[in-house]
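Each chain is listed here by its residues.
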Amino acid sequence: MALYKYDKWVKRSDHEAFDALHNPGATTPDSGVYRCENCGHEVVSEKGSPLPPQNHHQHTPGQGRIEWRLLVFARGK
Ligand SMILES: [Zn+2]
């Protein structure tokens, strides 16, 4: 689970960017922390770079495939 210390610098949001699931290796739409929907693994990915590929980490058969969801949106300025 992602952690932070100073809540005045992190704000809750209902932005639609948090709803989309992204395939392994897809282009990162927004810089930030991404979480694997099916196992909870977290990574940082930069806008325009590929999200980690299907072989990034191992799932048990019951966990299905890797799907990335934006967890913390790094907005720049
Ligand atoms: Zn996973």
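Our structure's up above, just so we're on the same page.
Residues numbered from 1 in each chain as written. Predicted model: local features only at pLDDT ≥ 70, side-chain atom pairs only at ≥ 80, totals over all residues. Heavy atoms only, no water.

(A) Focus on the coordination of the zinc ion. Protein-derived ligands of the zinc ion are C36 (SG), C39 (SG), H57 (NE2) and H59 (NE2), with the metal-ligand distances lying across 1.9 to 2.2 Å. The site at the zinc ion holds 4 donor atoms, and with the angles between them running 98 to 117 degrees, its shape is tetrahedral. Of note, the zinc ion draws all its donor residues from one chain, in the sequence arrangement C-x2-C-x17-H-x1-H. Taken individually, H57 and H59 each receive the classification buried, so the pair is uniform in this respect. (Donors = N, O, S within 2.8 Å, 3.2 Å for Na, K, Ca; no water. Tetrahedral: all angles 85-135°; square planar, octahedral: opposite > 155°, others 65-115°. Buried < 20%, exposed > 50% of the residue type's maximum accessible area, 1.4 Å probe, protein only.)

(B) Spotlight on the environment of F73. With respect to the helices and strands, the residue F73 is situated in strand β4 (residues 68-73). Taking relative accessible area as the criterion, F73 reaches 24% and is therefore assigned partly exposed. With 26 residues separating them along the chain, F73 and K47 place their C-alpha atoms 11 Å apart. Sequence-distant contacts of F73, defined by excluding residues within four places in its chain, comprise H15, A17, F18, D30 and S31. (Helix = DSSP H or I, 4+ residues; strand = E, 2+ residues; numbered from the N terminus. Contact = heavy atoms within 4.5 Å.)

(C) Region of the structure containing the side chain of S45. Its location among the elements puts S45 in strand β3 (residues 42-45). By relative accessible area, S45 is classed as buried at 5%. One polar contact links S45 to T28, side chain to side chain, over a distance of 2.6 Å. (Polar contact = N/O pair within 3.5 Å; in protein donor to acceptor, adjacent residues only side chain to side chain.)

(D) Structural view of the sheet that holds strand β1 (residues 21-22). With antiparallel pairing, 4 strands are arranged side by side in an open sheet as β1-β4-β2-β3. Only two strands of the sheet have a single neighbouring strand rather than two, namely β1 and β3. In this sheet, β4 lies alongside strand β2 (residues 32-36) in antiparallel orientation, the contact comprising 5 bridges. Bridging from a neighbouring strand, R35 pairs with R69 of β4. (Pairing = 2+ DSSP bridges.)

(E) Geometry of the pattern of salt bridges. The full count for this structure, using the stated rule, is 2 salt bridges. D14 is the salt-bridge partner of R12, the closest N and O atoms lying 3.0 Å from each other. Each member of the pair, R12 as well as D14, carries the same accessibility label: exposed. Here R69 makes a salt bridge to E37, at a shortest N to O gap of 2.8 Å. One end of the pair, R69, is in strand β4; the other, E37, is in the loop between β2 and β3, with 32 residues separating them in the sequence. Given a relative accessible area of 24%, R69 falls into the partly exposed group. (Salt bridge = Lys/Arg side-chain N within 4 Å of Asp/Glu carboxyl O.)

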